[in-house]
Amino acid sequence: MSKADGCLGCGKAFPKNRQLASIPDARLIAFDPDTARVWRICHRCNAWNLLGTESAAAALPELMTRYDAEIAGGSLAGMNMVVLSDGLALLRAGTSPSRQAGELYASELHAGLGVWQWPGWRAGLAGLGYVAGGGILLELLKQIDAVQSLFASHAPIAFFGGIFCGWGFFGWRVLPQRDARAIRLAWVIMLPTLVWTILSGEPQSLAEATSLALGICLGAWIGWKVARPSGIRWEDGTDRISVQDGLWGDRAGWAATSAALFILQPDDSDRMKPADRDAGWAAWRAHGSLRSMLRDFESRRDATGLLNFRELALGERISLLLAVGARLAEPPEEILAGLPDAQSVAQIAESLD
Ligand SMILES: [Zn+2]
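Summarised in this report is the structure supplied together with it.

1. Describing the coordination of the zinc ion
Line of reasoning, step 1. Donor atoms from the polypeptide that bind the zinc ion are Cys 7 (SG), Cys 10 (SG), Cys 42 (SG) and Cys 45 (SG), placed at 2.2 to 2.3 Å.
Line of reasoning, step 2. Mapping the donors of the zinc ion onto the primary sequence gives the spacing C-x2-C-x31-C-x2-C. Of this pair, Cys 10 sits in the segment before strand 1 (28–32) while Cys 45 sits in the loop between strand 2 (37–41) and strand 3 (48–50); the two residues are 35 residues apart in sequence, bridging distant segments of the chain.
Line of reasoning, step 3. In this structure Cys 45 comes out as partly exposed when scored by relative accessible area, which is 33%.

Below, the structure written as structure tokens:
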């Protein structure tokens, strides 16, 4: 698409969504199959940008297919907004938002939350296979002269060791948080070992020194990003959140809500127990809406207004996850506010055709 193809409201280009072939840019796309209209909604100013009739006709089949596939599970029927990924949401205009759909979505999210289990000795044995395979592959690679000379120098060790140390120094607070202190502090042992490995070897080359410096810079950059507190801010009494996150980037407006859904998902390092899941579900049932739940969290924000996700108990995080998921079933007010104008603009455009 050409550079001139920006938002009519603010002139900014639409971000790529990496999901749709027919509309490769914009993070929120609204469509109305009954009137064959398609809009790209600006992530900055919420303006509805009507697509030309030809482009709309070309895009509708793909939009309908993706939308239908997402709600095909049955429980999501009636939802008029679906989030396909952190980078893309589809809004079916012309249907009314269903509160029940949000609640069903929350229950589906809850049902899909896996409880953490110790991987067990079978998983360990499977892992051993990968290590063995990796070792054989490495030996085969060493038969190639260029690779062998690379291994003869300490440059790769310096580079990857540098990444590990730089990352560990800045990011250690957020490495597996609960009880893996040994992992968090591994860089403390690693750094002297690395320096010793390099100093005790052959005369150091420029390549090794450069690799070490590059590795430490890269590691420090990643660690710095990861260590930045991730959480949300909002104005009292509203559910319009903005997201701060080092890894996923900061988001404001409706895109923040879909980003929060991905950031709040627990992973294996959280070691979720059934009690955490139940606590999250109970808190969500007690509130029934994101707005109501956020009121409870108002006093937990820091001086900058940030509710830091890392300060929350796992059950609390899950309750927020469910509330955010339910909220996503309904389009944000600031987006819906633009619909009447968007429809009259479309009518005028169609009468000119
Ligand atoms: Zn705009």
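2. Overview of the pattern of salt bridges
Line of reasoning, step 1. Taken as a whole and judged by the stated rule, the model has seven salt bridges.
Line of reasoning, step 2. Residues Asp 236 and Arg 301 are paired through a salt bridge, measuring 2.6 Å at the closest nitrogen-oxygen approach. Remark: Arg 301 occurs in the loop between helix 11 (290–297) and strand 8 (307–308) and Asp 236 occurs in the loop between strand 6 (231–234) and strand 7 (241–244); sequence separation between them is 65 residues.
Line of reasoning, step 3. Of the charged contacts, one joins Asp 239 and Arg 327 as a salt bridge, the two residues approaching to 2.9 Å between their closest N and O atoms. You can see Asp 239 sitting in the loop between strand 6 and strand 7 and its partner Arg 327 sitting in helix 12 (residues 314–328), a full 88 residues away along the chain. In this pair, the class of Asp 239 matches that of Arg 327, namely buried.

3. A word on the packing of aromatic side chains
Each aromatic ring pair is described using two quantities: the centre-to-centre distance and the angle formed by the ring planes.
Line of reasoning, step 1. In the structure shown here, the tally under the stated rule is six aromatic pairs.
Line of reasoning, step 2. Between Phe 169 and Phe 170, the aromatic rings sit 5.1 Å apart at their centres with planes inclined by 90°, giving edge-to-face as the arrangement.
Line of reasoning, step 3. With a relative accessible area of 45%, Phe 169 lands in the partly exposed category.
Line of reasoning, step 4. Judged by its relative accessible area of 28%, Phe 170 falls in the partly exposed class.
Line of reasoning, step 5. Judged by centre distance (5.6 Å) and plane angle (80°), the rings of Phe 170 and Trp 224 are edge-to-face. Taken together, the residues Phe 170 in helix 5 (residues 155–171) and Trp 224 in helix 8 (residues 206–227) connect sequence positions 54 residues apart.
Line of reasoning, step 6. Each member of the aromatic cluster is reached from another via a ring pair, and the members are Phe 169, Phe 170 and Trp 224.

4. Some points on the nonpolar core
Line of reasoning, step 1. Ranked by internal contacts, the top residues of the largest apolar core, which has 47 residues, are Leu 28, Trp 48, Leu 91, Ile 232 and Leu 320.
Line of reasoning, step 2. It is helix 12 that provides the largest number of residues to this core, a total of nine residues.
Line of reasoning, step 3. Among all residues touching Ile 232, those that are not within four sequence positions of it are Ile 241, Ser 242, Val 243, Leu 294, Gly 305, Leu 306, Leu 307 and Phe 309.
Line of reasoning, step 4. Residues Ile 23, Ala 26, Cys 42 and Ala 59 belong to the second largest nonpolar core, which totals 21 residues.

5. Quick look at empty space enclosed by the protein
Line of reasoning, step 1. The full count for this structure, using the stated rule, is one cavity of 30 Å³ or more.
Line of reasoning, step 2. In this structure, the largest cavity encloses a volume near 120 Å³.
Line of reasoning, step 3. Lining of the largest cavity is provided by 13 residues; of these, Asp 239, Thr 257, Arg 327, Pro 332 and Glu 334 occupy positions nearest its centre.
Line of reasoning, step 4. For the lining of the largest cavity, the secondary structure elements donating two or more residues are helix 9 (254–264), helix 12 and helix 13 (333–336).
Line of reasoning, step 5. Here the residues of the lining of the largest cavity sort into five nonpolar, two polar and six charged.
Line of reasoning, step 6. Counting contributing residues, the lining of the largest cavity receives three or more from each of domain 1 (28–98 + 333–352) and domain 3 (231–328).

6. Concerning the packing of helix 10 (residues 274–287) against helix 12
In a pair of packed helices, the angle between the axes and the distance between the axes together describe the arrangement.
Line of reasoning, step 1. Running from N to C, helix 10 and helix 12 point in directions that differ by 50°, and their axes come no closer than 7 Å. Relative to helix 12, the element helix 10 is oriented oblique. Crossing of helix 10 against helix 12: the hand is right-handed. Taken together, the residues of helix 12 that come into contact with helix 10 (itself represented by Asp 276, Arg 277, Ala 279, Gly 280, Trp 281, Ala 283 and Trp 284) are Leu 314, Gly 315, Ile 318, Ser 319, Leu 322, Ala 323 and Ala 326.
Line of reasoning, step 2. Class assignment of the residues belonging to the contact of helix 10 with helix 12 gives a composition of nine nonpolar, three polar and two charged.

7. Quick look at helix 10
Line of reasoning, step 1. Taking 1.5 Å as the rise per residue, helix 10 with 14 residues should run 20 Å; its terminal C-alpha atoms sit 20 Å apart, in good agreement.
Line of reasoning, step 2. Of all the positions in helix 10, only Arg 277, Gly 280 and Trp 284 are classed as buried. The buried side chains of helix 10 occupy one side of the element, clustering within an arc of 65° when seen end-on. Helix 10 presents Ala 275 and Ala 286 as exposed residues on the side facing more than 90 degrees away from its buried surface.
Line of reasoning, step 3. Gly 288 lies just past helix 10 and shows a positive phi near 80°.

Cut-offs used in this document
- Residues numbered from 1 in each chain as written.
- Predicted model: local features only at pLDDT ≥ 70, side-chain atom pairs only at ≥ 80, totals over all residues.
- Heavy atoms only, no water.
- Donors = N, O, S within 2.8 Å, 3.2 Å for Na, K, Ca; no water.
- Helix = DSSP H or I, 4+ residues; strand = E, 2+ residues; numbered from the N terminus.
- Buried < 20%, exposed > 50% of the residue type's maximum accessible area, 1.4 Å probe, protein only.
- Salt bridge = Lys/Arg side-chain N within 4 Å of Asp/Glu carboxyl O.
- Phe/Tyr/Trp six-rings, centres within 6.5 Å; stacked < 30°, edge-to-face > 60°.
- Core = buried A, V, L, I, M, F, W, Y, C linked by side-chain atoms within 4.5 Å.
- Contact = heavy atoms within 4.5 Å.
- 1 Å grid on protein atoms, 1.4 Å probe; cavity = no way out; pocket = protein on both sides within 12 Å on 5 of 7 lines; lining within 4 Å.
- Points joined across faces, edges and corners; volume = space filled by probe spheres on them.
- Nonpolar A, V, L, I, M, F, W, Y, C, P; charged D, E, K, R; others polar.
- Domains from an automatic or database assignment.
- Axes fitted to C-alpha atoms, helices over the stretch in contact; angles between N-to-C directions.
- Parallel < 35°, antiparallel > 145°, perpendicular 65-115°, else oblique.
- Left-handed = near helix turned anticlockwise from the far one by under 90°.
- Expected span 1.5 Å × (residues − 1).
- Arc of directions from axis to C-beta.

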